[in-house]
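A look at the structure
Now for the letters of each chain:
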Amino acid sequence: MSPLAACALLACVAAGAAAEPLALAAVPDAGLRSRIATLPAKGQAVALATLARQPALLRSAAHLAISPGGGLCFTNCAAHPAGAPVPAPAGPARLLIAQGTVPIASVPAYASLPGAPNTLYLDFNGETVAGTQWNALESVASWDTKPYDTDGDDTTFSDNEQDAIYLIWQRVAEDYRPFNVNVTTIAPGAFSARIGHALITRNSDGTNDCPSPSAGGVAYVDVFGRSNYPSFQPAWIYFNNLGGGREDLVAEAVSHELGHNLGLSHDGTSSLEYYTGHGPSGFSWGPIMGVSYNRVITQWSKGEYTSANNLEDDISMIMARIGQVADDHGDAIGSATALVSTGTGTRTVTPVAGIIASENDRDIFTFDATAGAVNLTVTPRTVTSLGYLSPQTLGADLDAKAEILDALGAVVSGLTAEVQDNRIATISGNLPAPGTYYLRVAGAGNRDPRSDGFSPYGSLGAYIISGTIPDAAPLSLGFAVTAISQDEGSSGPRNITVIVIRAAGAVSVRYDTADQSATVADADYVPVTNGLLTWADGDPAAKTFTITVEGDTTDEADESFLVTLSNPTGTTLGPNSVLTITLRNDDAASADPGTAIASPASGSGGDSGCGPGGLLGIALGLGGLGLIRRRQD
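Given the structure is predicted, the values throughout are model-derived calculations rather than measurements.

**Brief notes about the pairing of strand β11 (residues 217–221)**
The buried fraction of β11 amounts to five of the five residues, a majority that puts the element mostly inside the structure. Looking at chain direction, β11 and strand β12 (residues 235–238) are connected through two bridges and run antiparallel. By the bridge assignment for β12, Gly217 is matched with Ile237.

Rendered as C-alpha cells:
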C-alpha cells in the first residue's frame, strides 16, 4: 500500500455517554439492525444510545463494525483519491530550529495557550498503551508504541524531525486557535476528562499491529469531557501511513482524529464517505473532517459545499465542548487597541498579533496620523510566514480581510483589502486628512463555497499586523469645524450640535460662549459658561455639546457669536479652538423649530447654507478635513 493510499481516517464511536437510545426497530439499516440484535443486552443498549447521540453514523451503517460491548467503528478506510494534487516535497525546509540531535525523551516543548482549562497533548515519543478500551477491542494486552521517526533512528530527534514536530504542533494549534484549549507537546502529569491525547506513532509496535493499521488514524467519537475519557485514549495517528511522516499530512490527521474525540463525524458527499475538497490548485480548500490532504486551506466545515452529507456545525460543536478563546482585541472603535509605531515621517508599526475567533469577530486597532501614505498588512499565521517553505499546504485557516475606518467608524474609500485567492490582506493608499483612524481585521471568504471556495465561516485563526503609517497628528484637541452658518428662524429655539475631537488619552476641556454681533442681551442665543467635556482613556475621539439659538422676526443683518475652548488637561489646544457661529437673517424662513448638526461655513472645505431641512455633520481630523456626511430629513 502506498503512503498516499494509506492517507485515510477511521473513527470508533465510544460507548456509554448519556443519551436517549433508539429503539432497535428504529434502526433503518436492516444489516446494522441485525448485528445489534445479536449483542448482549448491555451492548445493545450502548450501541443504540450511541446511534441516538450520533445519528450521522447511520449514513455509514454498512461500514460499521460493532464490538460486544456496543462500540461502533468505521471499517471503510477510504483511499486517497486519484488525481489529487501533486504532494509538496517531503519534509520542511528547516530555517528556524537548529538545536542539534536530542534524545527522544527531550521532545521540544511547545504550548499554544498555557493555563487553558482544556488540553490537547501531541505525543511524539511513544507510549505504553494498556488497560484501555483499545486493548479490549483488539484483544491486545499492551502496545509499546514507537516514537515519531523519519530518519530510521528511533532513539533521537534530529534537527529535521524537531522542525517537523514544531510544524505539526503549529498546524494543529492553528486549527484549534479559536477555542479555549492548550495544544501542547508537554506531557501532562496525568490524563483527565479535559485532556486529549494524540499519539503520533507507527501502525505497529513491532509485535502487534495497532488498531486499524491500514488507516491514517483512528479515534473514538464523542468522548472528550467524560469522566472515563482516559480509557478511550489515545487517538492514534500513524505517521508511516502519512507520507512517511510528512508534517502537513500528520497535522491534518491529528486535527481530524481529535475532532472525533470532540464529537465530530466525517464530512462527505451523497456518494463519498470523505470529501476531498475543491478550488484552484494554488488556493484549494478542504474540510478537516473530510480528507483534506494537500489542500492549501483546511478549515472546520458546516457542509456548505455541493452535495454535502454532513451539515454539522463543527465550530459550534467544538465550542460547546471546550469554549471559545478570550477575545484579544475590541470589536468596536470605543474599545480599539492602539497600534504602536516608531520613527518620524513614515512610522513603522510594531508587529502586533491577534486571533479571529468566530465568523462575527472583528478586531479593531487605532492610530493617529497626518494625511499621507499608509501601508498595512495582515498576515495569517502560515508556514511560510513562520519562515518555512511549504509551497502547497500553508497551514493557516484564516483568509484575512482588512479595512481602514475614519474617526466616526466609516470605511475610508479605497482603503480596504480582500483579495481573491490570497489570504494576506494589504492596504496601500493615502489617508485623506490628519486625524484618528482605525484598522479593522476580520475573516474573509473566497470564491463560491459550494464549488471552488469557502465562506467566512471557518476563516479563523491567528494573524500579524505590520507596515507603515504617516507621522502622528499633533496630540491636541479642537473643534471639528471652526465655522458654522445657521438660519436664525422666525421664532422658537434651534439647537446646534458642536463636535470636539481629541487625539488620544484621558483629557478634559472647558467651553464658553462669547458675544459678537449676536448677543445674549438681544436674546439671539442661550449663553454657556464653564461647560466641560471629558474623555476617559479609550473613549471615542469625538464628543459633542449643544448650543441653543433663538429665532426672531426682526429684519437685521447676519449676526455671529463665538464658542471657545480653554483650560485643557492632559492635552494641548490645537489651532481650531475657536468656533464662529453665524446666524443668517431669514425672515421668510419657516418658524418651525429644528435641530442642526455643526455645519461648515463657506470656505471651510464643505457646503454652506444648510437650513433646517438639510442637516450636515463634519468630523474633522485634527488639522484638516476628514469626512463629510449629509442627511436630508
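**So, helix α5 (residues 247–261)**
Helix length check: α5 (15 residues) gives 21 Å between terminal C-alpha atoms against 21 Å at 1.5 Å per residue, within 8%. Buried residues dominate α5, accounting for 15 of its 15 residues. Directly beyond the C-terminal end of α5, a positive phi value near 105° is found at Gly263.

**Digging into the packing of aromatic side chains**
The full count for this structure, using the stated rule, is 20 aromatic pairs. Ring plane angle 85° and centroid distance 6.3 Å describe the contact between Trp134 and Trp236, whose orientation is recorded as edge-to-face. In this pair, Trp134 is assigned in helix α3 (residues 133–138) and Trp236 in strand β12, connecting sequence segments 102 residues apart. For the pair shown, Trp134 and Trp236 are each scored as buried. Three or more aromatic residues joined by ring pairs make a cluster, and in this case those are Trp134, Trp143, Tyr220, Phe232, Trp236 and Tyr238.

**Focus: the sheet that holds strand β19 (residues 363–369)**
One open sheet holds the five strands; their spatial order is β15-β19-β24-β21-β22, and the pairing between them is mixed. With partners counted over all chains shown, the strands left at the sheet margins are β15 (337–338) and β22 (411–417), one partner each. In the sheet, strand β21 (residues 400–405) pairs with strand β24 (residues 435–443) via six bridges, with the strands oriented antiparallel. Pairing of Leu405 across the sheet is with Tyr438, part of β24.

**As for the pattern of salt bridges**
Scanning the model with the defined rule gives 14 salt bridges in all. When the shortest N-O distance is used, the salt bridge between Arg450 and Asp448 registers 2.8 Å. Take Arg450: its relative accessible area is 52%, and that puts it in the exposed class. Asp448 gets classed as partly exposed once you look at its relative accessible area, which sits at 23%. Here Asp487 makes a salt bridge to Arg584, at a shortest N to O gap of 2.8 Å. Pair noted here: Asp487 is in strand β27 (residues 483–487) and Arg584 is in strand β34 (residues 578–584), with a separation of 97 residues, a long-range link.

**A few points about the packing of helix α1 (residues 30–37) against helix α2 (residues 41–53)**
Two elements in contact, α1 and α2, have axes separated by 9 Å at closest approach and are oriented at 145°. In contact with Leu32, Ile36 and Ala37 of α1, α2 contributes Gln44, Leu48 and Leu51.

What counts as what
Residues numbered from 1 in each chain as written. Predicted model: local features only at pLDDT ≥ 70, side-chain atom pairs only at ≥ 80, totals over all residues. Heavy atoms only, no water. Buried < 20%, exposed > 50% of the residue type's maximum accessible area, 1.4 Å probe, protein only. Helix = DSSP H or I, 4+ residues; strand = E, 2+ residues; numbered from the N terminus. Pairing = 2+ DSSP bridges. Expected span 1.5 Å × (residues − 1). Phe/Tyr/Trp six-rings, centres within 6.5 Å; stacked < 30°, edge-to-face > 60°. Salt bridge = Lys/Arg side-chain N within 4 Å of Asp/Glu carboxyl O. Axes fitted to C-alpha atoms, helices over the stretch in contact; angles between N-to-C directions. Contact = heavy atoms within 4.5 Å.

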